[in-house]
Amino acid sequence: MTYKFFKTAIFSISALALVVISSCTKPLPARTDFTQTSDFVILTGAGTGNFKASNIQVNTSSPDTVTLTVIADLASANNNNGAVAVTIGLDNTQITTYNAANGTKFQPFPAGSFKIVNPIITIPAGQHYGTTTIQVYQNKLDPSISYILPVSITDASGKQLSSNQNTIFYNVIGNPIAGNYTHEWIRWNNATGTGT
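Residues numbered from 1 in each chain as written. Predicted model: local features only at pLDDT ≥ 70, side-chain atom pairs only at ≥ 80, totals over all residues. Heavy atoms only, no water.

We now examine the sheet that holds strand S9 (residues 160-161). Picture the strands of a sheet paired through backbone hydrogen bonds; they go either parallel or antiparallel. Strand order in the open sheet formed by 5 strands is S5-S7-S2-S1-S9, with mixed pairing between adjacent strands. For this open sheet the edge positions go to strand S5 (114-116) and S9, each flanked by a neighbour on one side alone. Examined bridge by bridge, S5 and strand S7 (residues 129-137) share 3 bridges and lie antiparallel to one another. In the sheet register, Ile-116 faces S7, and the bridge partner there is Ile-134. (Pairing = 2+ DSSP bridges. Helix = DSSP H or I, 4+ residues; strand = E, 2+ residues; numbered from the N terminus.)

Written as structure tokens, this is what we have:
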């Protein structure tokens, strides 16, 4: 009899403990429901906030061609619906906008000073990003002039575009005293600076 009472008491205490513990637990906070969001595409490193990070250091002592990697990033709740083609191109209207907003005098890159290797970036199904490259030819740039190469998304296969991460402002800061100079040095062996 005592054994049966002991067994019933343990079962009752266990059931009561489960009820008390389950009533003390807090519900999980609401999670963000990404199924209601729209897919959109950005360029990594885009926007005026990344202007300094997009600077190209022109160095005539290094190899002539500088290779830049452009990354298109897809924000999507379900990226398994097939590949996304993102087309990039030059948008020189951004130069005027940037100069007006910042009081600068950047110039567009000269013709033949760069090449977008493949203007279509393919983001494979199941992935969130794709890449392409841009080649910049240093010998085509005047080191005394400041340039901007505004590379923008021109088409994203119907995906939405960000309002501020759509253009990368690759830039070169010109040095006003850069360039080739003719130096002529004359030295006299006296304090007056005259004679042969």
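Back to the text.
This brings us to the pairing of strand S1 (residues 40-43). Pairing between S1 and strand S2 (residues 65-75): 4 bridges, direction antiparallel. Pairing of Val-41 across the sheet is with Leu-74, part of S2. Across 2 bridges, S1 lies against S9 in parallel orientation. Across the sheet, residue Val-41 finds its bridge partner in S9, namely Leu-161.

The next point concerns the nonpolar core. Core analysis: the largest hydrophobic core is formed by 28 residues, its most contacted members being Phe-109, Ile-134, Val-136 and Tyr-170. Sorting the residues of this core by element identifies S1, S2, strand S3 (84-90), S5, strand S6 (120-123), S7, strand S8 (147-155) and strand S10 (167-172) as the ones contributing at least two each. Top contributing element to this core by residue count: S2, with 5 residues. Val-136 has contacts with Ile-56, Asp-64, Thr-65, Val-66, Leu-68, Phe-109, Ser-113, Phe-114 and Leu-141, leaving out every residue within four places of it along the chain. (Core = buried A, V, L, I, M, F, W, Y, C linked by side-chain atoms within 4.5 Å. Buried < 20%, exposed > 50% of the residue type's maximum accessible area, 1.4 Å probe, protein only. Contact = heavy atoms within 4.5 Å.)

The next thing to look at is helix H2 (residues 93-102). Along H2, the residues classified as buried are Ile-95, Tyr-98 and Asn-99. The arc that holds the buried residues of H2, viewed along the axis, is 95°, so those residues lie on one side. Opposite its buried face, H2 presents the exposed residues Thr-93, Thr-96, Thr-97, Ala-100 and Ala-101, each directed more than 90 degrees away. Of the surrounding elements, those touching the buried residues of H2 are strand S4 (107-108), S8 and S10. Following H2 by one or two positions, Gly-103 adopts a phi angle in the positive range, close to 65°. (Arc of directions from axis to C-beta.)

What follows deals with the side chain of Asn-99. Within the secondary structure, Asn-99 sits in helix H2. Not counting the four nearest positions on each side in its chain, Asn-99 is found in contact with Thr-104, Lys-105 and Phe-106.

Glancing now at the side chain of Thr-132. Mapped onto the secondary structure, Thr-132 falls in strand S7. Polar contacts involving the side chain of Thr-132 include one to the main-chain carbonyl oxygen of Asn-118, which spans 2.8 Å. The contact partners of Thr-132, leaving out residues within four places of it in the chain, are Leu-68, Thr-69, Val-70, Ile-88, Asn-118 and Ile-121. (Polar contact = N/O pair within 3.5 Å; in protein donor to acceptor, adjacent residues only side chain to side chain.)

With that settled, consider the pattern of salt bridges. Considering all chains together, one arrives at 1 salt bridge under this definition. Between Asp-39 and Lys-159 there is a salt bridge, with the nearest N and O atoms lying 3.2 Å from each other. Linking Asp-39 in the loop between helix H1 (2-24) and S1 with Lys-159 in the loop between S8 and S9, this pair joins segments that are 120 residues apart in sequence. (Salt bridge = Lys/Arg side-chain N within 4 Å of Asp/Glu carboxyl O.)

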